[in-house]
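A closer look at the structure
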Amino acid sequence: MSESNIKATIFIPVYNGEKDHLKETLEAVYNQKVDFNWNLLIIDSGSRDKSLEIIKSYEQKHKNLILKQIPNTEYSHGGTRQKAAEISEGEIMVYLSQDAIPADKNWLLNMVKPFEINPKIAGVLGKQVPRNYCFPLQKRDIDAVFNAQGPADAITIYDSSSKDRNKASFYSDVCSAARRSILIEDVPYQSISYSEDQAFGKDIINKGYLKVYAGKATVVHSNDIQLSEYKGRIFDECLGLEKAGFILSKPRKKDLLREVVKEGIKDIKYTIRDSEYSKFQKLYYAVSAPIFRYARWSGMMAAYKHDYKNSLEEQRKK
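Residues numbered from 1 in each chain as written. Predicted model: local features only at pLDDT ≥ 70, side-chain atom pairs only at ≥ 80, totals over all residues. Heavy atoms only, no water.

Re the environment of H62
Inspection of the secondary structure puts H62 in the loop between α2 (51–61) and β3 (65–69). When the C-alpha positions of H62 and S195 are compared, they lie 32 Å apart, and in sequence the two are 133 residues distant. (Helix = DSSP H or I, 4+ residues; strand = E, 2+ residues; numbered from the N terminus.)

Quick look at the packing of helix α9 (residues 227–243) against helix α11 (residues 279–304)
Packed helices, taken two at a time, are described by the angle their axes make and the gap between the axes. Look at α9 against α11: their axes get within 8 Å of each other, and the N-to-C directions meet at 35°. Remark: the crossing between α9 and α11 carries right-handed chirality. Along its contact with α9, which presents L227, Y230, K231, I234, F235, C238 and L239, the element α11 presents Y284, S288, I291, F292, A295, R296, S298, G299, M300, A302 and A303. (Axes fitted to C-alpha atoms, helices over the stretch in contact; angles between N-to-C directions. Left-handed = near helix turned anticlockwise from the far one by under 90°. Contact = heavy atoms within 4.5 Å.)

So, the nonpolar core
Formed by 37 residues in total, the largest nonpolar core has its most connected members in I10, W38, L40, I42, V94 and W107. Looking at this core element by element, the count peaks at 5 residues for strand β9 (residues 210–220). Those residues within four positions of L40 in sequence are excluded, and the remaining contacts are I10, I12, L26, Y30, N64, L65 and I66. Ranked by size, the runner-up nonpolar core spans 25 residues in total, among them Y171, A178, V187 and I205. (Core = buried A, V, L, I, M, F, W, Y, C linked by side-chain atoms within 4.5 Å. Buried < 20%, exposed > 50% of the residue type's maximum accessible area, 1.4 Å probe, protein only.)

What follows is the structure, encoded as structure tokens:
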């Protein structure tokens, strides 16, 4: 293989990743088995923990790791991912988050392979499986969303003629890949604070490109988020969706009742049946499940009412 031909560039944005599975993610990335050249680009946006120390330890061992550093104020989910594409060498940009751990040695191969099917394929969406300890609402949501995208052992192709347009345009760059030429020349990432991936998914479908769901390209991922942080997270995500062009519907009181009571009871039953939870987790999630549901509804309402002009993440940068 020619060392000058980079088939894929894996990009990971990093910010305080020491306790956010960064080392596990890097270890899994460098365990990949492929028959093409690839490199790893990391942009750190002002980490104050041991993230840089972890990254540099891998940089010393692997010549294909490129580290860039920027101030935290310059980071945006969409803008930084687009910048990564502009400075990269790879034919394919493979996007990963610092807490998304490739589940096996064939993850990278399964992310890149679908682009050989058709030159109109602009994006590939990988599968996410939740961590065994994440709270039931999130666990159920992740399983439902990705199971609906297609079979776990196959690839599913979506285009503008797909019956379910929302499913066709659904995208998450926690684990995704995009053709670099399309990112540079036709469909760039929008420079927005949140939901840049959903905007990109919508943009490529609207432009007549294809999206692939690669069920075999799996990462272990769910947000290690506390109940006290959940409302703010939902607010940020909903506000990001609005900035990406999605219309927010007003959360209704009957939706709140359904969430807290009906879905909360389902979460409790799910928690009791889930053998992955410890006894303490079962007790905690059985009690807190309805509260997580209320926090999600409250976050959606706060975004709809525009309680804040900017996302909480943007406010923290000021």
